[in-house]
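Chain by chain, the residues run as shown.
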Amino acid sequence: MLNPDAAAKVIQYFGPRIIAYSVNVSPKEAERACQGETALEAKEQQESLVQLVEALSQVLTAGRAQDVPPLVLLSRLGAAPGKPYASPFVSLRERNGGDVDFGDTGDPVLDPLLALARQIYPILLVLPYVPEDYPFSVSSAAIPVIFGHPSQTAFDTAVLSDHDLSALFPNPGADALSTSSYVARSTGESGTLQLSVLSSTLLQQAYVICRLRGVLSPGALSENLKDLVGLLRGAASGSRMRIRAFVGFTNVSFEMEESLDLALGTLRRYESAQLELLPPTARPPVRGDTGEVLGFILESDYDFAIRAESWAPGDQVPDISIDPTRFHRALDLKCESIALSFALAFDRDPPVGAVRTWTMLIDPLSHGGISWRESRPPVPPYRMVESDKPRVGEWTARLNSVDDRPIAIARRRLLSALTERLDPVDGFIDAVITWENMFGSRQGESTLRISSAMASLLESDVQRRLELSKEIADLYGSRSAVLHGGTEPSLAQASEYRDRSLNLATKSMKRMYVDFPNLLTDKDRARILILSL
């Protein structure tokens, strides 16, 4: 008979998904059955539920008694001395008529990897519920499964026999534990690579992709493993491949169910359980009144290349490296264009500021890593709705299709004013630098040139054009006075200057991209605008 108190504790600690998977019901059905609201229809499923709750309850009790996190004991459940690990959760699922097939591809490298994934998959279902003070990972979950498992041995052997993957280990040792190399990667990381941990690394990264895409299933995990093995083969053979890059943005909420496919990648909303993958300071804020997450995730790609050299413990570290600068810059430009699309797509004063906060590259030779920074956006958040999708899509496509390198500084300074500069004086200065990069020149009188070009671009009526030109000239003069040692404006005045300058910069940039994209590469664009409009 089910013990409701024990079931409640099991659900609280391990979550409902491992129970649902093992008993072959939906997570909702598993929760209701554990809460005693209803019994499962099939007698064998109900018996399995009682058996599983009892076993997991014993794991919790043993963990407390041994002062060991229960998840450590969970990952050893089903292990028997001298025998390959056999997941009791998989056995229960099979007994209850559930599908446990992870595929059979005929690939000697991929198939044993899928067999290992089949064994550890139920434990992966627990990871989203792991307490934050215990950094339990896929690798730690995989250790009892992988160590001595026939599929692990088959995987290691297949890697060394593979035409492409064998290049990762130029001088293999007597076994997997003694087979290592030194690998430099275009991500900027370099270090030793051990054959004995390669399978757990691939499983880790396949899982992370699932979580960041918001879909953890046997099919998704298998497909990710297939993709990772394929791109690793390509990289090992000397080809430049494209790995997945995930980038977190904040200050714009994205609450739509469906993702948004763009020219530069795919935008997805945050799922609440994804947040445990991120350091607390990298997580987007959540509105207390509505639970709305002020952020979204961009999935894009990153050029991946590697160089592998022989190495063994005690050897000198090989002098190899790959300069990551241009690889990082390519991703930075995509992220800039995404943020700029939000600034230009919506008519808001001040413009929308989508702030990049973290970046995660899915390197198949790394156990993971995330770079992040704390953010305090200087402009108010924006709530994106379904009808906004086409405008964001149009702007990313537009920015991806034109040569705007001559105004790269304008792009960056507009975004820094919107996403970084907490001091409104700094934001005001950045906004006016945006004007200068778009319409200024080393020759002639800058104030007249910039104010006349912007007024010509933004107003068609002569009188309004004159008034706007004077306003721009006054703002430009105020910026110059501050920049050259004059008295700084008050906080309120600086905020007003910044917001107005950003408004004018955004409108001018938008008009240039829409109506005069051919002038973006013309150094005389200001004079052409003044004389032709």
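Placed above this text is the structure.
Residues numbered from 1 in each chain as written. Predicted model: local features only at pLDDT ≥ 70, side-chain atom pairs only at ≥ 80, totals over all residues. Heavy atoms only, no water.

### Overview of helix α15 (residues 424–439)
In an α-helix there are 3.6 residues to a turn, and that puts residues three or four apart on one side.
Here's step 1: Taking 1.5 Å of rise per residue, 16 residues should cover 22 Å, and α15 covers 23 Å from first to last C-alpha, within 8% of that figure.
Here's step 2: Most of α15 is tucked away: 14 of the 16 residues are buried.
Here's step 3: Between the side-chain oxygen at the start of α15 and the backbone nitrogen of V425 there is a gap of 2.9 Å, and the oxygen is on D423. (Helix = DSSP H or I, 4+ residues; strand = E, 2+ residues; numbered from the N terminus. Expected span 1.5 Å × (residues − 1). Buried < 20%, exposed > 50% of the residue type's maximum accessible area, 1.4 Å probe, protein only. Polar contact = N/O pair within 3.5 Å; in protein donor to acceptor, adjacent residues only side chain to side chain.)

### Structural notes on the environment of K226
Here's step 1: Along the chain, the position of K226 falls in helix α11 (residues 218–236).
Here's step 2: By relative accessible area, which is 48% here, K226 ends up partly exposed.
Here's step 3: Considering only alpha carbons, one finds K226 and L110, 116 residues apart in sequence, at a separation of 6.7 Å.

### Some thoughts on the packing of helix α7 (residues 110–124) against helix α10 (residues 195–213)
Here's step 1: At a minimum axis distance of 11 Å, the contact between α7 and α10 shows a crossing angle of 55°. Viewed along their axes, α7 and α10 adopt a mutual orientation that is oblique. The chirality of how α7 crosses α10 is right-handed. Residues L113, L116, A117, I120 and L124 of α7 form the contact with α10, whose own contacting residues are S199, L202, L203 and Y207. (Axes fitted to C-alpha atoms, helices over the stretch in contact; angles between N-to-C directions. Parallel < 35°, antiparallel > 145°, perpendicular 65-115°, else oblique. Left-handed = near helix turned anticlockwise from the far one by under 90°. Contact = heavy atoms within 4.5 Å.)

### Remarks on unusual backbone geometry
Here's step 1: In this chain, D349 is followed by P350 through a cis amide linkage whose omega measures 0°.
Here's step 2: With a phi angle near 55°, D67 is a residue other than glycine that sits in the positive phi range.
Here's step 3: Summarising the element assignment, D67 is placed in the loop between α4 (43–66) and α5 (70–74).

### A word on the side chain of N437
Here's step 1: Its location among the elements puts N437 in helix α15.
Here's step 2: Overall, the relative accessible area of 17% leaves N437 in the buried class.
Here's step 3: When neighbours within four sequence positions are excluded, N437 is seen to be in contact with P406, I407, A408, I409, A410 and R525.

### Quick notes on the nonpolar core
Here's step 1: Formed by 165 residues in total, the largest nonpolar core has its most connected members in F14, I19, L198, F342, W435 and F439.
Here's step 2: If we ignore the near neighbours within four places in the chain, the residues touching L198 are F155, V159, F169, L193, L232, P364 and L365.
Here's step 3: Core analysis: the second largest hydrophobic core is formed by 5 residues, I429, I433, V482 and A494 among them. (Core = buried A, V, L, I, M, F, W, Y, C linked by side-chain atoms within 4.5 Å.)

### Comments concerning the pairing of strand β1 (residues 180–185)
Here's step 1: Burial within β1 is extensive, with 6 of its 6 residues counted as buried.
Here's step 2: Side chains of β1 alternate between two faces, with S180, Y182 and A184 and S181, V183 and R185 buried alike.
Here's step 3: Relative to strand β2 (residues 190–194), β1 is paired through 5 bridges, and the arrangement is antiparallel. Pairing of S181 across the sheet is with L193, part of β2.
Here's step 4: A loop of 4 residues connects β1 with β2, the two strands running antiparallel in sequence, and G188 in this loop sits at a positive phi of about 100°.
Here's step 5: Note that β1 and strand β8 (residues 306–310) share 5 bridges and pair antiparallel. Note on β8: the bridge partner recorded for S181 is S310. (Pairing = 2+ DSSP bridges.)

### Things to note about the pattern of salt bridges
Here's step 1: Tallied over the full model, the rule gives 36 salt bridges.
Here's step 2: Between D301 and R242 there is a salt bridge, with its nearest N and O atoms 3.6 Å apart. In this pair, D301 is assigned in strand β7 (residues 295–304) and R242 in strand β3 (residues 241–250), connecting sequence segments 59 residues apart.
Here's step 3: Linking D303 and R242 is a salt bridge whose minimum nitrogen-to-oxygen distance equals 3.5 Å. Taken together, the positions of D303 in strand β7 and R242 in strand β3 put the pair 61 residues apart, joining distant regions of the chain.
Here's step 4: Via salt bridges that share partners, R213, R242, R244, R268, E299, D301, D303 and K334 belong to a single interconnected network. (Salt bridge = Lys/Arg side-chain N within 4 Å of Asp/Glu carboxyl O.)

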